[in-house]
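Here is how the chains run, residue by residue.
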Amino acid sequence: MDRPVIDHRGPEFAKLGKEVLEGMRAIFRTSGPVIIYPSSGTGACEASLVNTLSPGDRVLVFETGHFSGIWRQAAERVGLNVEYVPGNWRRGASPADLEARLGSDPQRTFKAVVVVHNETSTGATSRIAELRHIMNRLRHPALLIVDAISSLACIDYRHDEWEVDVTVCGSQKGLMVPPGLGFNAVSEKALSANKTAKLPRSYWDWQEILKHNQAGFFPYTPATNHLYGLREALLMLHEEGLPNVFRRHDRHGEATRAAVRAWGLAIVCEEPLEYSSSMTAVFTPEGHNADRLREIVLENFDMSLGAGLGKLAGKAFRIGHLGSFNDLMLAGTLSGVEMGLRFAGVPHRDGGVMAALDHLVPASTKSEPAPVGR
Ligand SMILES: *Cc1c(COP(=O)(O)O)cnc(C)c1O
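Read on for a plain summary of the structure.

Conventions and cut-offs
- Residues numbered from 1 in each chain as written.
- Predicted model: local features only at pLDDT ≥ 70, side-chain atom pairs only at ≥ 80, totals over all residues.
- Heavy atoms only, no water.
- Near = heavy atom within 4 Å.
- Polar contact = N/O pair within 3.5 Å; in protein donor to acceptor, adjacent residues only side chain to side chain.
- Areas by Shrake-Rupley, 256 points an atom, 1.4 Å probe, with all protein chains shown as cover.
- Nonpolar A, V, L, I, M, F, W, Y, C, P; charged D, E, K, R; others polar.
- Buried < 20%, exposed > 50% of the residue type's maximum accessible area, 1.4 Å probe, protein only.
- Helix = DSSP H or I, 4+ residues; strand = E, 2+ residues; numbered from the N terminus.
- Pairing = 2+ DSSP bridges.
- Salt bridge = Lys/Arg side-chain N within 4 Å of Asp/Glu carboxyl O.

**Quick word on the site of the ligand**
- Around the ligand, the structure places Ser40, Gly41, Thr42, Phe67, Val116, Asn118, Thr120, Asp147, Ile149, Ser150, Gln172 and Lys173.
- Between the ligand and Ser40, the relevant distance is 2.6 Å, taken from an oxygen atom to a side-chain nitrogen or oxygen of the residue.
- Here an oxygen atom of the ligand sits 2.6 Å away from a polar atom, N or O, in the side chain of Lys173.
- The fraction of the free accessible surface of the ligand (380 Å²) that becomes covered by protein chains is 87%.
- Residues that form the shell around the ligand fall into these classes: three nonpolar, seven polar and two charged.

**Observations concerning the pairing of strand S1 (residues 34-37)**
- Here S1 shows two buried faces, one formed by Val34 and Ile36 and the other by Ile35 and Tyr37.
- With four bridges joining them, S1 and strand S9 (residues 182-186) adopt antiparallel strand pairing. Residue Tyr37 lies in a different strand from S9, and its bridge partner there is Gly182.

**Overview of the pattern of salt bridges**
- Inspection of every chain in the model, using the stated rule, returns 22 salt bridges.
- Glu19 is paired through a salt bridge with Arg231; the nearest N and O atoms lie 3.9 Å apart. Of this pair, Glu19 sits in helix H1 (residues 11-28) while Arg231 sits in helix H8 (residues 224-240); the two residues are 212 residues apart in sequence, bridging distant segments of the chain.
- A residue is classified by how much of its surface remains accessible, and Glu19, at 35% relative accessible area, is partly exposed.
- Taking the shortest distance from any N to any O, the salt bridge between Arg158 and Glu161 comes out at 3.1 Å.
- Relative accessible area serves as the criterion here: at 23%, Arg158 is assigned to the partly exposed category.
- Residue class for Glu161 comes out exposed when judged on its relative accessible area of 51%.
- The network of salt bridges with shared partners includes Arg91, Arg127, Glu130, Glu271 and Glu274.

Take it as geometry only, folks, not as evidence of what the structure does.
Structure below.
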């Protein structure tokens, strides 16, 4: 990324622009357009709403944790009529609740359903294919808008196959680029909704951007250096192969959970079908502040654990295992947590790290130690 900024109206830029716009389609698994904004993920969330909806439209937002709350706030602030479906923060969006809400909407008043795929505050994922299946079975025409900010390029995701209308992402999680890029992957249905959507928008408007993107350009100054980074990230993902990237994240999620169970601590996500492969949130025992543990780990081992967010503040900490991450980094991370638990006097059992190593390198593949003296 540390390269000279090129003329963003010149031929060299057009090549870069086309390369990253095309490359991102493979990551979203879509044959449709992908919009790239110079923005954080939250900007791309707002963009998905203002491009497809009109003032006062009814929108169903599923409560899954802190980040679904951000969606609720954004949707309310831009003038949508939000119905926030309560959730317990230990599960993904409930298919039964979706069925109940849309099933009792014969007038088709809901214009969009918003779901966070990987709720980064809890480590619970929502089953998008299943939710889409329900919408199709009910023949409900609402748009499906999905936040894949902390799951894209970590956890299997299929924009076209799951018939998602807008998938939202940001650059700084699984895409391994510093913060500063926001993404919208857009379905045909979302594009046609865009033609009649009346929420005010200017900077976020897809049409202007799509027009320029055809030739590899942007209507305003793009984040050129971030796009260099994105091009490199796409090469890295391509080199490893997406299925291998997903498998690596799955293994790291499983190994982390093996450690947490061995410590005798509770994983925040309570539904095994919904375990996140990009991060794991862990409860500290009653009476032991998770932020104190995080502080001790930071001071002693120079490692930042994720804070408990919203109503999990002080009660849980989060272990990230996403992006440019390997077995040894995970082993180091879990060692830091285990040493921190000792230092902080948090009641736990020893052996979490060993349980994780056994998962990463199963005993059956270990060779016998060479006899002494040979
Ligand atoms: C990080 C994150 C966001 C917010 O993205 P910003 O880049 O901080 O604006 C929203 N949703 C989810 C699921 C996230 O993980």
